[in-house]
Amino acid sequence: MMTQQGQVLETLLSGGFVCRISNEDMFNFLQQPQTAQQIENQLNILNRTLTKAADGEVFYASYLSLADKERAVLERQFKEITANLLPLVEWLLLVQESTGQDVPLSQGSAIRLNELQTTIEDTPALLEQLGKISTFPLFGSTSKTADGQLKQVFKRLGELGYLVKPNSEKQIYIATGKLEYLYEVIRFIDETEALSLTEQAEAAMQQGVLL
Amino acid sequence: MKDNITQAGQKLLRAMARHSDIIMQAYVKGAVDESLYSSQVLENLQNLGILWRPDIESDLRLRRIVRALLEEGLSDERNRQVDANIGSALAKVTTLVAHYKEACNKHRFTEAESHFADLTELTYAMIDSLKQGVRGLWSRIHKEFGYVASIDAKIRENQLAQQQVTDILSQLEMFHFDNLAQEAGSNRDLRRLLVVTLQSNFAAVTQELSLVQARLNELLGRFREFQGRTRLLKGFVLHIEQQPDYNPQNYAKHSQVPSVFNQAQAIIQPAAIDVRNANHEADLAQIVGRIKAILHLRNHTPQAAAQTVKIEQSQPVELIENKIRRCVEDYFCRIIDTGERLSALDYHIEHQLEFDHEAWIYQVIGGYEALPSNDKAYFGLEKSIKDHPQFNGNKIIEDVSLWFS
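As the structure is a prediction and not an experimental result, all values here were calculated from the model.

### Observations regarding the overall build of chain A
Item 1. Check the secondary structure of chain A and you find nine helices and six strands.
Item 2. For chain A, the residues scored as buried account for 34% of the 211 residues in total.
Item 3. Restricting to contacts in chain A with at least 6 residues of sequence separation, those with at least 24 account for 48%.

Structure below.
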């Protein structure tokens, strides 16, 4: 049996994100300064450090010092992240529109796949959007039906760590802290490049442009 | 006098009960469909002050007081009005206190008592309306303004609630307990009402309100965050639509890589097995056991040559039950053929059947009962019954006779 510390270390070293949804025990473990320091020391040996994101809601391992080898990895990763942004954002908006609550998904939000599917299948516009989203390389669905497309999209999101399925027999997914990380990435790009995305959206909404 | 009021009140309530359908229609739809009800009834309800017509061309609507009663009784979330008119109520309190004191001084005690009753009613009504306001605010908070769909509407509702809290607080400032204490003077009843009751409720309401305010601010913050996120996402999609070739700067190339883009690569690979570890033996054996044998790659042994198979008739075994059933069938056929009444035991003796009498009678009854109800109608069955000599209520069937009808 592995200790809690070992489990946390393994998750972090395999590139995983730790949040209170995906694993609450590990998250609490990392929140305590003392135990977090132990992990930090062990990570440091491997040129890694414990990093917090999204107001301390997610933990992951990042490089301590950057040489050419690490930079190459980061560049590849960055390309991946930016390429995945649009499909993920479109998916978030699709879910938000389908649930009809006008509330964006955040850590801990539950998505009932069956309900989502019913709404999407009943609305041609959403169906079209789902078709578009599912063909992004990130999701790579070849299915023609909404059922197959949705299943593939949710399966991929589960693999990527954005969603967890607490009960394998029920089609209910819960958003993890990695989603918060995604928001932070967008917010970071928005702020650094002064894209003023919020203002753009606001102006568009005032002009009545359909989004 | 009192009887009069009681009677009039009961008449009003009875009218409301009798026309509850009209009232509920007006409550739910906002107005009464006048074509559905007789004009006399509607006229009557207007005279009683339950319905009213705001102006000549508009429909009949429910009076505010009736609507308020229903909203309160049904805990309807449409009731978002907070009545915080403390100022006028306080002025009325002062007036009533003056009346009461004057009546006391002039030794008109019945009058004083009536003024005090009014004062009590007014004070409690004031407390009730304050508490009602706070309750309404809480229920809205608990539902997170669920009765409106969009976040923008929720924010507006939240702002309305905040405004109402501010209103109540500013009204509460009008309470000056030193003045009230002075008014009450040394009168015990007045002090209890104006100082003790009012003050304790005042404290409770103020405390609740501060909690309400904190929760409202928290909710507003959350709504704003939701709004901000939605706009961020929509803005991003819009930006990509306007500039399809947009790519963010490569932050990984910066000398200081921002922490959001600094993710270490996964370095842990699954560990290899150690076959020499005795502790793992059982687990490993299980894994080996689960490995599927691939059969189609193996050379199959030639199939065995065909053999002739002899099929023999199996020895017929007849059950006694079948025999008795057949005899019963014959008995039934005999009845059908002759059309005469025949006792089962007579038939038994006549044909010298080998079965036990009891089993025979039982089978006949069973055979009769098993007939489909259509066929059953063709037969008549009579049991000759004798009481049990020892146990009363128990019957013994001695014989049955059957006939074709």
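### Remarks on helix α6 (residues 109-142) of chain B
Residues and elements named next belong to chain B.
Item 1. Counted at 1.5 Å a residue, the expected span for α6 with its 34 residues is 50 Å, and the 49 Å between its end C-alpha atoms agrees.
Item 2. Considered for burial, the residues of α6 that qualify are H115, F116, L119, M126, L130, G133, V134, G136, L137 and R140.
Item 3. In this fold, the buried residues of α6 make contact with α5 (86-105), α7 (151-172) and α9 (188-242).
Item 4. Looking one or two residues beyond α6, the residue adopting positive phi is E144, at roughly 50°.

### Remarks on the sheet that holds strand β3 (residues 342-343) of chain B
As a general point, the strands of a sheet are linked pairwise by backbone hydrogen bonds and lie either parallel or antiparallel.
All names here are of chain B.
Item 1. An order of β3-β5-β4 is seen for the three strands of this open sheet, with the pairing classed as antiparallel. A strand with exactly one partner marks an edge of an open sheet, and here the two such strands are β3 and β4 (379-387).
Item 2. Where β4 lies against strand β5 (residues 395-404), nine bridges are found, and the strand directions are antiparallel. Paired with K386 across the bridge in β5 is I396.
Item 3. Seen against the sheet, helix α13 (residues 357-369) touches β4 and β5 and runs at an angle of roughly 50° to β5.

### Things to note about the environment of R191(B)
Residues and elements named next belong to chain B.
Item 1. Its place among the elements puts R191 in helix α9.
Item 2. The exposure class assigned to R191 is partly exposed, which follows from the 16 C-beta atoms found within 10 Å.
Item 3. On a C-alpha basis, the gap between R191 and A181 in space is 6.7 Å, while along the polypeptide they are 10 residues apart.
Item 4. Sequence-distant contacts of R191, defined by excluding residues within four places in its chain, comprise A184 and V196.

### Some details on the nonpolar core
Item 1. Grouped together as the largest cluster of nonpolar side chains are 58 residues, with contacts concentrated most on V18(A), V58(A) and L92(A).
Item 2. If one sorts the elements of this core by residue count, helix α4 (residues 68-99) of chain A sits on top with nine residues.
Item 3. Contacts of L92(A), omitting those with residues within four sequence positions, involve P104(A), L105(A) and L233(B).

### Some thoughts on the interface of chain B and chain A
Item 1. With 36 residues of chain B at the interface, the matching set in chain A holds 47 residues.
Item 2. The greatest single-element share of the side of chain B that touches chain A, amounting to 14 residues, is contributed by α9(B).
Item 3. Of the residues that constitute the side of chain B that touches chain A, the class distribution is 20 nonpolar, 12 polar and four charged.

### Here's the deal with the sheet that holds strand β1 (residues 18-19) of chain A
Residues and elements named next belong to chain A.
Item 1. An order of β1-β3-β2 is seen for the three strands of this open sheet, with the pairing classed as antiparallel. Taken across any chain shown, the strands that pair with only one partner, and hence form the sheet edges, are β1 and β2 (48-53).
Item 2. Sheet strands touched by helix α3 (residues 33-45): β2 and β3 (58-63). Its angle to β2, the strand with the most contacts, is close to 135°.

### So, the pairing of β3(A)
Residue and element names in this part refer to chain A.
Item 1. Of all six residues in β3, six are buried; the element is thus mostly enclosed.
Item 2. What you see with β3 is no split at all: V58, Y60 and S62 on one side and F59, A61 and Y63 on the other are buried throughout.
Item 3. The sheet contact formed by β1 and β3 spans two bridges and is antiparallel. Its bridge partner being in β3, C19 is matched across the sheet by V58.
Item 4. In the sheet, β2 pairs with β3 via six bridges, with the strands oriented antiparallel. When the bridges of β3 are listed, T51 appears paired with Y60.

### Some remarks on the packing of α5(B) against α6(B)
Residue and element names in this part refer to chain B.
Item 1. With their axes 9 Å apart at the nearest point, α5 and α6 run at an angle of 160° to one another. Classified by the angle their axes make, α5 and α6 are roughly antiparallel. Remark: the crossing between α5 and α6 carries left-handed chirality. Between α5 and α6, the residues in contact are I86, A89, K92, V93, L96, V97, H99, Y100, A103 and C104 and E111, A112, H115, F116, D118, L119, L122, T123 and M126, respectively.
Item 2. Considering only residue class, the contact of α5 with α6 consists of 13 nonpolar, three polar and three charged.

Criteria and thresholds
- Throughout this document, residue positions are counted from 1 along each chain, in the order its sequence is written.
- The lettering of chains begins at A and the numbering of ligands begins at 1, in the order of writing.
- In view of the model being predicted, local features appear only for residues whose pLDDT reaches at least 70, and side-chain atom pairs are presented and counted only at 80 or more, with totals across whole chains, interfaces and linings using the full set of residues.
- Working definition: helices are DSSP H or I runs of at least four residues, strands are E runs of at least two. Numbering for both runs from the N terminus.
- Buried residues are those with 20 or more other C-beta atoms within 10 Å of their own C-beta, exposed residues have 12 or fewer, and partly exposed residues lie in between; C-beta atoms are placed from the backbone.
- We call two residues in contact whenever the C-beta atoms placed from their backbones are within 7 Å.
- Helix span, as expected, comes to 1.5 Å for every residue beyond the first.
- Only when DSSP finds a minimum of two bridges between them are two strands counted as paired.
- Convention adopted: a line fitted to C-alpha atoms gives each axis, helices being fitted over their contacting stretch, and angles between N-to-C directions are expressed from 0 to 180 degrees.
- Nonpolar cores are identified as sets of buried Ala, Val, Leu, Ile, Met, Phe, Trp, Tyr and Cys residues joined via C-beta atoms within 7 Å.
- Three residue categories are used. Nonpolar comprises Ala, Val, Leu, Ile, Met, Phe, Trp, Tyr, Cys and Pro, charged comprises Asp, Glu, Lys and Arg, and polar comprises the others, including Gly.
- Angles are sorted into four bins: roughly parallel if under 35 degrees, roughly antiparallel if over 145, roughly perpendicular if 65 to 115, and oblique for all others.
- Less than a right angle of anticlockwise turn of the near helix away from the far helix marks a crossing as left-handed, whereas a clockwise turn marks it as right-handed.

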